[in-house]
Structure formats: C-alpha cells, structure tokens
Amino acid sequence: MNTIGLSILLIILETVMYMACGLLFKLDTSFLVKSYIIYIIFMFIYGHYSVKTGLIWNEIRKVCKAILLYLTAVLVFIPSATSVKEGWLYCILAVIMFLWAILVNRSLRIVLRNSIAQRTLVIGTGPEAQRYAKVSKNNRFAITKIVGFVTLAGMPEFGTEKIDEKMAYLLDKKIGVYSYQCLDTLIEKFKVTQIVIILPDIDEKIMDQIMRDIGHKVNSIKFMPEVNGLLTFSSEVQDFDGVLLVSTSQDRINIVDRFMKRCVDILAGITGCILLLPLSIYIKIKYRKAGDHDPIIFAQDRIGLDGQPIKIYKFRTMIPNAEQVLEDLMEKDPKIKEEYLTNKKLRDDPRITKIGGKLRNSSLDE
C-alpha cells in the first residue's frame, strides 16, 4: 500500500465513524451529510489526508484547528429550532472525531509502516545525523525508515568527516555506515526513495557536488540547513515570486496561536491521561511484584515559560534510591565516575529497572 491508499483508508474509516455517531445520536440525515462535507473540507485544507512524515504533535495541532473551524461552521448553520439539542450533540461528535482521526491515523501508520515508509539514506554521520535517526526510529507516527548512513570520511575532495564511535550504540546496529563511493549501489540495493543530507557545516562546493551526484536518482531530497541562531520553530519558507526567503521571528506567538496551542494542550493532555491509565496500572503491578512499593511517578524540575521553574511528571524507570546507588558506584569504580561526569548518564546503568528499560526504549517514560 502507498500513501494514497492510506489516505483513502483514512477517509473511509472516518466516514464510517462519523455516520455511525450521527445515526446513534439520531441527527437529521440531510444535515448530517452536509456537516460531514464541511468536516472533510476542513480536514483536507489542513492537510490531514496528506500523508507525510511528521510528528504526532503537529498532526494534533492541525486536526484541532480543522475540528474547531468545522464545529464553528456547523453550529452557525444548525437550524434554530433544534440548535441547543443538536449543538451539544455536534460538540460531542467533534470531540469523538478529533480523537478518532488521531487514533486511526497513528494506528495505520504503525501497522502499515513497512509498506508506506520512505526508504531513506542519510548522508552524514555526525551528532545531527544521529539525532535525526533516533527521532525517526522512536517517532512511530513518522513514515521514515533509515536503511543506511553514508560517510564522506577518507575522500580528499570531501574533507575528513569522522564517524562517531557511539553510533552503533545510539542507533540500530543493523543500519550500516557506507562509503560515499557506494552511493549508487546503495540506492539500487535498498530501493531508496529519499536521501537526507545532514552536513550542516559542509562547504557550499561540496554540497553542490553531492546534489549533482544524487539529482534525479530518488523521489525526495532533503537537507539540514546551518542553524545560526536566527531560525526558530516559527520560521517559514516563503516563495516571493520565485525568490526563496526564510521568514523568522523572535516575537511571542500571537493570541490565536496561543489559544489553539492551549486547546491542543488540554485535549491532548486529557486524552493522554485516559490512554495511560491501563499502562499505569500495569507498571504499578509489575513494580509491586518485584517488591518495589514506591510511587511509579517521578517529578523533575525543568525550566518553563519566561525562565520559571515547572514540574514535569514521568514514569519512574530507576530503583527508588538511584542517587545513592550512583554515588556508591562512582566511589567504587573510577571508570563509571568518568563516564557519568562526561556523558551525564551510564551506558549500562544498573539502576534502571526491568520495566523501566522497556519504558525508555519505547519512549513511554515521558
């Protein structure tokens, strides 16, 4: 199945749910169909059915905007005679469709990932490439499958890029690191559909050479720009009548975006808490069976808006007396002390519990 098939499947499943809820709520059939058309239009406008690689939070934000506009439009056109009754029913329907749209989209991406994911070759082996690979691997909403890394090391015309020794540990050991000279062979062997260039400090001439070498060989080419502090998450790429411009702003987000963000925060937070209840019970049972009766939630201080300290809560993945155990380990073993002071973590940390290790590997601890 390709991404077009996934989009069609999304529309079908959402249509079935929408109509089923409408019939269950005994809504007027003719207006139900009209409201569904409004729903589909806004979902299309905000790119819900355009299946692309991204983060689940971006999808939640897009769907939230579409649902709010859909609900506003529906409430405006509801017949006045039944506005109060049907108004509340359509509000409930909007919440159901918001949750259903996110759940179905994510579930289909996970189930069909092997068949729809873009087979990606990463040119670069530095810290940024590692970070990209970790996000692609852990983000189950993404449809990116990395099949290999290409290093420029050892090639005089491309400089002396070094391979980080930690790559085998940080990334999937099944992913190989190959020489740039094998590029054509790799594209054919792994049936690569996308190449991502992650060499932010590379010389312009070298980048031009790479682009010439890979041009027209894959469907998609992406690259990471050099970040100089001016780019922010609110930056936008603009086409100014053929002239490429990057619009950036250091200002706060506007009132509308803040309102939308707050709505997403609340809806996602409530949904997340509900979905995590079974997992919380499971973790508590596992800890109790292991003789650990301490709280399963761990609070940590972080820096929030305007530099104000905030509390974040996550599942505890270490033994209760983790700090004391760490001090004892560093006192007994100088190598452990050096490793921790250098990396602020231990590669094989004995303090991590069995269930804690599974939570970390699946990124469910936070």
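See above for the structure.
Keep in mind the model is a prediction, meaning the values are calculated, not measured.

Caption draft 1: How the structure looks around the packing of aromatic side chains. Per the stated rule, a full pass over the model turns up eight aromatic pairs. For the ring pair Tyr18 and Tyr70, a centre distance of 6.3 Å and an interplane angle of 70° mean the geometry is edge-to-face. Residue Tyr18 is located in helix H1 (residues 3-24), and its partner Tyr70 is located in helix H3 (residues 56-77); the two are separated by 52 residues in the primary sequence. The buried category is assigned to Tyr18, whose relative accessible area is 0%. The exposure class of Tyr70 is buried, given its relative accessible area of 0%. Each ring, one from Tyr178 and one from Phe190, has its centre 6.0 Å from the other, and the planes form 55°; the classification is tilted. In this pair, Tyr178 is assigned in strand S3 (residues 176-179) and Phe190 in the loop between helix H8 (183-189) and strand S4 (194-197), connecting sequence segments twelve residues apart. Residue classification places Phe190 among the buried residues on the basis of a relative accessible area of 15%. Three or more aromatic residues joined by ring pairs make a cluster, and in this case those are Tyr18, Tyr36, Tyr39 and Tyr70.

Caption draft 2: Molecular detail of the nonpolar core. With 44 residues, the main nonpolar core has Tyr18, Tyr39, Met43, Ile67, Tyr70, Tyr90 and Leu93 as its most contacted residues. The contact partners of Tyr70, leaving out residues within four places of it in the chain, are Tyr18, Ser35, Ile38, Tyr39, Phe42, Tyr90, Leu93 and Ala94. In this structure, Ile123, Leu186, Val192 and Leu199 belong to the second largest nonpolar core, which totals 19 residues.

Caption draft 3: Inspection of a positive patch on the surface at higher detail. A surface patch of like charges, here positive, comprises Lys286, Lys289, Lys354 and Lys358. At the level of elements, helix H10 (255-289) and helix H13 (354-361) are the ones that each hand at least two residues to the positive patch. Note that Lys354 resides in helix H13.

Caption draft 4: View of the side chain of Ser280. Locating Ser280 in the fold gives a position in helix H10. With residues near it in sequence (within four places) discarded, Ser280 still touches Ile296 and Phe315.

Here is what the cut-offs are and how they apply
All residue numbers here refer to positions counted from 1 along the written sequence of the relevant chain. Only residues with pLDDT of 70 or above have their local features reported here, since the model is predicted, and side-chain atom pairs are shown and tallied only from 80 upward, although totals for entire chains, interfaces and linings are computed over all residues. Processing note: side-chain calculations cover all non-hydrogen atoms of the structure and skip hydrogens and water entirely. Stacked, edge-to-face and tilted labels apply to pairs of Phe, Tyr and Trp rings (six-membered ring for Trp) whose centres lie within 6.5 Å, assigned for plane angles under 30 degrees, over 60, and everything in between, in that order. Put simply, DSSP H or I for four residues or longer makes a helix, DSSP E for two residues or longer makes a strand, and each gets a number counted from the N terminus. Throughout, exposure labels follow a simple rule: accessible area from a 1.4 Å probe, protein chains only, divided by the maximum for the residue type, with under 20% read as buried, over 50% as exposed, and the rest as partly exposed. We define a nonpolar core as any set of buried Ala, Val, Leu, Ile, Met, Phe, Trp, Tyr and Cys residues linked to one another through side-chain atoms lying within 4.5 Å. Only heavy atoms enter the contact rule, under which two residues are in contact if any of them lie within 4.5 Å. Without a salt bridge and with relative accessible area above 30%, a residue can belong to a patch; like charges are then joined within 9 Å and nonpolar side chains (Val, Leu, Ile, Met, Phe, Trp, Tyr) within 5 Å. Per-residue and other accessible areas follow the Shrake-Rupley method at a 1.4 Å probe size, with only the shown protein chains counted as cover for residues. The rule for a salt bridge is simple: a side-chain nitrogen of Lys or Arg has to be within 4 Å of a carboxyl oxygen of Asp or Glu. Counting rule applied: Lys, Arg positive; Asp, Glu negative; His and chain ends not counted. The location of each charge is read from NZ of Lys, CZ of Arg, CG of Asp or CD of Glu.

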